[in-house]
Protein chains: 2
Amino acid sequence: MFSGLSAFPLTPLNEKGIDEAVFVRLIERLNAAGVDSVCALGSTGSYAYLTRHERLRVAQLAVQHAGDVPVIAGIGALRTRDVLELAQDAQKAGAGGVLLAPVSYQKLSDDEVFGLFDAVTRSLSVPLCVYDNPATTHFEFSDELHGRIAQLPNVASIKIPGVPADPEAARARVDLLRALIPRHVTIGVSGDAFAATGLNAGCEAWYSVIAGLFPQIALAITRNAQAGNAREATGLSGRLAPLWALFLQYGSLRVIATAAELRGLVATPCLPLPVKSLQGEVRQRLAAILDELELA
Amino acid sequence: MFSGLSAFPLTPLNEKGIDEAVFVRLIERLNAAGVDSVCALGSTGSYAYLTRHERLRVAQLAVQHAGDVPVIAGIGALRTRDVLELAQDAQKAGAGGVLLAPVSYQKLSDDEVFGLFDAVTRSLSVPLCVYDNPATTHFEFSDELHGRIAQLPNVASIKIPGVPADPEAARARVDLLRALIPRHVTIGVSGDAFAATGLNAGCEAWYSVIAGLFPQIALAITRNAQAGNAREATGLSGRLAPLWALFLQYGSLRVIATAAELRGLVATPCLPLPVKSLQGEVRQRLAAILDELELA
């Protein structure tokens, strides 16, 4: 479940609630494409903006419609109490694994984050992926802390925020982390722009935003990297550079949500206010990029 | 309500719920001391970690027990939908004003934050204080954005995260912001270490962590500054320098919560996990500082 291509779908919604029918279609699309796992309620799934009940419902729908594709559910929240409840809900819904980020309001210490993962992993009967994303959680993992957390029961993967652009440096980064964690814990790259380089450098998984909407291109990159065709993987990713540039400037969520709106795959708007999709000139630019890349 | 000393009490709690009786005692203590307002559910009140129901209850208790001291209630949340509900709850509870921070998970744009304040201020029938605290919200207000938001209906104050340590620079900072906002909007300083300098520099309010637990010393600083005794205000604040140093290193919430535990004013623990109060050597150091400063 924590290797290969993990697709992170949007949770299409408006101020009244979740667009369940459209979410189901996104999940069916991922199943049909043959991704290796679906991660519902990742950052791309706007987990942090949903109620407990909405999150349970999204996890249930993902499991019901993903067929034989395993479903991972995001269980992050500010408070340990809430994370424990969300972990129970995700397991009840049938998720095969969970994803946990140390979401913060008060800046957290290493000791506090370890305490969170310790409490949650004790409570679980499914494997957990550690979600390292300083851009949204504002917590910076040290490698030493990754090493300690990776020893906890049920920890099965670490989702790292990216790798250096240089292939040698990327391999050195992955090797360094690998030396600190048990053999059964996989390393997955996120930050789609880094994915080809990360997979080529030995990451076993790609936790992917673009795969949640356009799984084919992400599968092509992944399967090439897995087959040792490093140059092909890098080349396919390079074609998407205009998209990665927008991800960097506006955040991958806004870009992928706007792409989904433009392609009619979700209703407009589909993000939780105050977050908005792209408007005006940049929206038109994205439309042109999608046409040119034949992403539909 | 948005001038003078605004005291930010802790919301004492454990993993089972809020310690209502102890919260009421903290509020009564503030009323007896004669602070100018109470801000329940500020960052010090752990608002971001509480459920909607818990927040309604805390606002109600604060209003019921603050006597004639006006109560401001924090209404921040990640999602506009939730902020609007919390605003309704705060008003129903009898809060005289609200405090709103642009809490973020996805990094917000200026346009998105303006949209949030626009939607919320339209819905209000009480005044609002704009809560600018990049350390917890991870959003940096520009002065231009402060100027735009301050024009919205019901905006009555801006809580700024601090002022430069140099008195001249502090005055220049306050004057610069003042020139961009309507006359009826007050500027309040937060970051307790900056308070004396901020009040001396023309801030009309101090949004104070320490006043939530030890109102007397904060009142002495405030009343001196208000009377034009700048040197006395600075001197009183300077005596608290060892406390301000701990605030900087460990976060004011952990320090004030630990102080409350040490003084028996709340039960131990009193913070929402994963956040923990100070332990070990630094806890002992804080106890010694409280003794030396005769804070009880």
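Residues numbered from 1 in each chain as written. Chains lettered and ligands numbered in written order. Predicted model: local features only at pLDDT ≥ 70, side-chain atom pairs only at ≥ 80, totals over all residues. Heavy atoms only, no water.

Under the annotation held in an unreviewed UniProt entry, chain A carries the name 4-hydroxy-tetrahydrodipicolinate synthase and is attributed to Thiopseudomonas denitrificans. Listed under Sequence similarities (unreviewed entry) in UniProt, the entry text for chain A is "Belongs to the DapA family." (UniProt positions renumbered as here; feature names shortened; annotations may be inferred.)

Trainee: Run through the UniProt feature "binding site: pyruvate" (unreviewed entry) in chain A, naming residues and quoting values.
Mentor: Residues and elements named next belong to chain A. Within this structure's numbering, the places UniProt gives as "binding site: pyruvate" (unreviewed entry) are Thr 44. The topology assignment puts Thr 44 in the loop between strand 4 (37–40) and helix 2 (52–65). Among the residues examined, Thr 44 registers a relative accessible area of 4% and is labelled buried. Apart from residues no more than four positions distant in its own chain, Thr 44 is found in contact with Phe 8, Pro 9, Leu 10, Thr 11, Val 209, Leu 253 and Ile 256. (Helix = DSSP H or I, 4+ residues; strand = E, 2+ residues; numbered from the N terminus. Buried < 20%, exposed > 50% of the residue type's maximum accessible area, 1.4 Å probe, protein only. Contact = heavy atoms within 4.5 Å.)

Trainee: So what about helix 9 (residues 215–226) of chain B? Which residues, and what values?
Mentor: Residues and elements named next belong to chain B. Spanning 12 residues, helix 9 covers 16 Å between terminal C-alpha atoms, matching the ideal 16 Å at 1.5 Å per step. Those residues of helix 9 that fall on the buried side of the exposure criterion are Pro 215, Ile 217, Ala 218, Leu 219, Ile 221, Thr 222, Asn 224 and Ala 225. Contacts from the buried residues of helix 9 go to strand 1 (4–7), helix 1 (20–33), helix 8 (195–200), strand 10 (205–208) and helix 10 (230–239). The first or second residue beyond helix 9 is Gly 228, which carries a positive phi of 85°. (Expected span 1.5 Å × (residues − 1).)

Trainee: I'd like a rundown of the UniProt feature "active site" (unreviewed entry) in chain A, residues and numbers included.
Mentor: According to UniProt, the positions carrying the feature "active site" (unreviewed entry) are Tyr 131 and Lys 159 of chain A. For the annotated residues, spread through 29 residues, the largest C-alpha to C-alpha distance comes to 5.0 Å, consistent with a single compact locus. Along the chain, the position of Tyr 131 of chain A falls in strand 7 (residues 128–131). The residues contacting Tyr 131 of chain A, other than those within four sequence positions of it, are Ser 43, Tyr 47, Leu 99, Leu 100, Ala 101, Pro 102, Phe 141 and Lys 159 of chain A together with Tyr 105 of chain B. Side chain to side chain, Tyr 131 of chain A and Ser 43 of chain A meet in a polar contact 2.5 Å long. By the element assignment, Lys 159 of chain A lies in strand 8 (residues 155–160). Relative accessible area serves as the criterion here: at 5%, Lys 159 of chain A is assigned to the buried category. (Polar contact = N/O pair within 3.5 Å; in protein donor to acceptor, adjacent residues only side chain to side chain.)

Trainee: Can you explain helix 12 (residues 252–262) of chain A? Please cite residues and give values.
Mentor: Residues and elements named next belong to chain A. Counting buried residues in helix 12 gives nine out of 11 residues, a clear majority hidden from the surface. Turning to helix 12, its buried residues number three or more, namely Leu 253, Arg 254, Val 255, Ile 256, Ala 257, Thr 258, Ala 259, Ala 260 and Glu 261. Of the residues one or two after helix 12, Gly 264 is the one with positive phi, at around 70°.

Trainee: I'd like to hear about the interface of chain A and chain B, residue by residue, with values.
Mentor: Listed by partner, the interface residues are 34 residues for chain A and 34 residues for chain B. In total, chain A and chain B occlude about 3,300 Å² of area from one another, counting both sides; carbon and sulfur atoms represent 48% of this. When residues of chain A are sorted by the area they lose upon contact with chain B, Tyr 49, Arg 79 and Tyr 105 of chain A head the list and together hold 26% of the total. Seen at the junction of chain A and chain B, the total is eight salt bridges. Note that Lys 276 of chain B is salt-bridged to Asp 111 of chain A, the shortest N-O span being 3.6 Å. Breaking the side of chain A that touches chain B down by element, the ones donating at least two residues are strand 2 (13–14), helix 3 (80–93), helix 4 (110–123), helix 5 (134–137) and helix 12 of chain A. For the side of chain A that touches chain B, the leading source of residues is helix 4 of chain A, giving three residues. Counted by class, the side of chain A that touches chain B contains 17 nonpolar, eight polar and nine charged residues. (Buried area = accessible area lost by both parts, 1.4 Å probe. Salt bridge = Lys/Arg side-chain N within 4 Å of Asp/Glu carboxyl O. Nonpolar A, V, L, I, M, F, W, Y, C, P; charged D, E, K, R; others polar.)

Trainee: Outline the relation of the copies chain A and chain B, listing residues and values.
Mentor: For the match of chain A to chain B, the screw axis carries a shift of 0.0 Å, the RMSD comes to 0.0 Å, and the turn is 180°. Read as a symmetry element, the transformation amounts to a two-fold axis. Relative to the rotation axis, the closest C-alpha in chain A is found at His 138 of chain A, a distance of 4.0 Å. Mapped onto chain B, 100% of the interface residues of chain A are again interface residues, and the two copies thus contact each other with one and the same surface. (Least-squares fit on C-alpha atoms with pLDDT ≥ 70 in both.)

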